[in-house]
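Structural overview
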Amino acid sequence: MLNLPKEFILGAATAAYQSEGATKVDGKGRVLWDYFLEEQGRFSPDPACDFYHQYPLDLKNCREFNITSLRVSIAWSRIFPDGSGRIEPKGVAFYHQLFKEMRTNGIEPYVTLHHFDTPEVLFSQGDWLNKEMIDHFVNFAIFCFKEFSEVRYWITINEPTTLAKQQRITGTFPPGEKFQFHKCFQQQHYMNVAHARVVNKFRELRLPGEIGIVHAIQTVYPYTDKESDRTAALRQDVLENKFLLDGTLKGSYSLELLGMVDTILAENQQERISITERDLAELEQAARKVDFVGVNYYYSKFIEAYNGPSEFIHNGTGTKGSAKRKIANVGQEVFRNDLPMTDWDWPIYPKGLGDTLKRIHNDYPQVKAIYITENGLGMKESPDQSGNINDSARIEYIESHLKEVSNVIKEGVPVKGYFVWSLQDMFSWTNGYNKRYGLFYVDFVTQERIPKQSAYWYKELIERKGKI
């Protein structure tokens, strides 16, 4: 039985680089992905689902399917083509038009400032490992706060753990570095500080609205009860979750946490990271001022001890069973035979979402509100002979995760909303176009939108106010 509160938000999510396309029009600057994808030659971010031109149609679909909250992001390089300095008025005008159209259709925008799309100029100068990047990001955020007064809900950074880990450890995001643990933790810290400074500036300016951050959390469990597996799982959690959660939601790093970070670095023969007293003061101040935290959840990890060399093979094609995830002196991921797996080797485990939500509520009690800002199922899909897309597996996935949300709300966890990933099919960072998440199928040649079975199910769920 699914029984969500009457005021619970059921929305959808998108991201600029994955949906807009139009990467070379109206003065938009290049971002870190452009050269990386061109060099690989596997797929292009153009046209994606051409949201830059098709957004009126997508917003019409939202209205007709009862979706009144939509997560979008502002492409930094549409506003500042070089990341700072010159402003591109066409980019500013586009987002004003987008937000106006959203309001016209009765849709509340939840707006992310950084969703994996650092302008190329800043990326070439060190990206998040250059502390000057923080200043540029704060200036960009201030501009957006003042310019786009029609926005009430702001998200500073999307998934800092994903960005840092895939840039510096797995090599799947540009610049494609592998197993640079020092760089990963240092980048995580600087992104914590960047988030904190933006939150503190938002409050200093006495701006209306709310502000938060979005974390991707893969709940980590030891594969067995062995002490070695418990230690491995704890280290994996520090690397992916706890360092970022403590920095942004607690506003401090405990000596125990820093000791575990130092151990991971020392055992991988890498230097310690730099943390200043001024950094810590920013974190502490901001943690008291955050309005909400967003949780992006897709799967959990089951970790066992591992003492061999690091090895990471990314499943970017949907060839089930091709992934390998082993991190030296941390642990290796084990795939459980009793759990269903996606074609991309992600175990489907709704309980992990419930455990994550309870963890945030228990470990960070000052958090006032939690949103599920992304959750969904990537599938290989095409219309049948009648032109329909039967994605019953996606419906089952969403419903099973929402049941976990419903259960933890009854236990007192302040979950306020759920944003399905994604509104429509779009470009996937490391998978191109064969991994589809949307409620609406997109023909990437004609840009036709076709509502999937899940879109009709979600519409009915909203009509029933979260009750099935």
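Refer to the structure above for everything that follows.
In this text, all values refer to a predicted model and were calculated from it rather than measured experimentally.

**Let's talk about the overall build of the protein**
Looking only at helices and strands, one finds 15 helices and 15 strands in the protein. For the protein, the C-alpha radius of gyration of 21 Å lies close to 23 Å, the compact-globule estimate for 468 residues. Projected onto its principal axes, the C-alpha coordinates of the protein cover approximately 55 × 55 × 45 Å. Residue burial in the protein is summarised as follows: out of 468 residues, 61% are buried. Here the protein displays about 17800 Å² of accessible surface, and carbon together with sulfur accounts for 49% of that area. The protein carries 56 positive and 61 negative side-chain charges, and their two centres are separated by 3 Å.

**Quick look at the pattern of salt bridges**
For the coordinates displayed, the defined rule picks out 35 salt bridges. Residues D355 and K358 are paired through a salt bridge, measuring 4.0 Å at the closest nitrogen-oxygen approach. In this pair, D355 and K358 both sit in helix α13 (residues 350-363), 3 residues apart, roughly one turn of the helix. Taking the relative accessible area as the measure of exposure, D355 reaches 18% and is therefore buried.

**Description of the side chain of S300**
Position of S300 among the secondary structure elements: in the loop between β7 (292-296) and β8 (301-304). A distance of 2.7 Å separates a polar atom in the side chain of S300 from a polar atom in the side chain of Y297. Not counting the four nearest positions on each side in its chain, S300 is found in contact with Q218, T219, Y221, E333, P347, Y349 and G352.

**A short note on the packing of helix α9 (residues 181-204) against helix α10 (residues 227-250)**
Interhelical geometry of α9 versus α10 gives an angle of 25 degrees and a closest axis separation of 10 Å. One finds that α9 runs roughly parallel with respect to α10. Regarding α9 and α10, the two cross each other, and that crossing is right-handed. Packed against α9, whose contacting residues are C184, F185, Q188, H189, N192 and H195, the element α10 presents V238, L239, F243, L244, G247 and T248 at the interface. In the contact of α9 with α10, the residues fall into 6 nonpolar, 6 polar and no charged.

**What to know about helix α15 (residues 453-463)**
For α15, the complete set of buried residues consists of S454, A455, W457, Y458, L461 and I462. For α15, the arc enclosing every buried residue in end-on projection is 165 degrees, short of the 170-degree limit, so these residues lie on one face. At its buried positions, α15 is contacted by β1 (9-13), α14 (392-410), β13 (415-421), β14 (440-442) and β15 (449-451).

**A short note on the side chain of E108**
Residue position: E108 is located in strand β3 (residues 108-114). Beyond its immediate stretch of four places on either side in the chain, E108 contacts T68, S69, L70, M102, R103, R152 and Y153.

**Re the environment of M341**
Relative to the helices and strands, M341 resides in the loop between β11 (331-333) and α13. Here the alpha-carbon distance between M341 and A15, two residues 326 residues apart in the chain, equals 25 Å. Residues contacting M341, with those up to four places away along its chain left out, are K320, F335, W346 and P347.

**Let's talk about the pairing of β8**
Note: strand β6 (residues 220-222) against β8, 3 bridges, orientation parallel. By the bridge assignment for β8, P222 is matched with I303. Two strands pair when backbone bridges link them, and β8 and β11 are joined in this way by 2 bridges, in the antiparallel orientation. Note that in β11 the partner of E304 across the bridge is Q332.

Conventions we followed
- Residues numbered from 1 in each chain as written.
- Predicted model: local features only at pLDDT ≥ 70, side-chain atom pairs only at ≥ 80, totals over all residues.
- Heavy atoms only, no water.
- Helix = DSSP H or I, 4+ residues; strand = E, 2+ residues; numbered from the N terminus.
- Rg over C-alpha atoms; globule rule 2.2 N^0.38 Å.
- Buried < 20%, exposed > 50% of the residue type's maximum accessible area, 1.4 Å probe, protein only.
- Areas by Shrake-Rupley, 256 points an atom, 1.4 Å probe, with all protein chains shown as cover.
- Lys, Arg positive; Asp, Glu negative; His and termini not counted.
- Charge placed at Lys NZ, Arg CZ, Asp CG, Glu CD.
- Salt bridge = Lys/Arg side-chain N within 4 Å of Asp/Glu carboxyl O.
- Polar contact = N/O pair within 3.5 Å; in protein donor to acceptor, adjacent residues only side chain to side chain.
- Contact = heavy atoms within 4.5 Å.
- Axes fitted to C-alpha atoms, helices over the stretch in contact; angles between N-to-C directions.
- Parallel < 35°, antiparallel > 145°, perpendicular 65-115°, else oblique.
- Left-handed = near helix turned anticlockwise from the far one by under 90°.
- Nonpolar A, V, L, I, M, F, W, Y, C, P; charged D, E, K, R; others polar.
- Arc of directions from axis to C-beta.
- Pairing = 2+ DSSP bridges.

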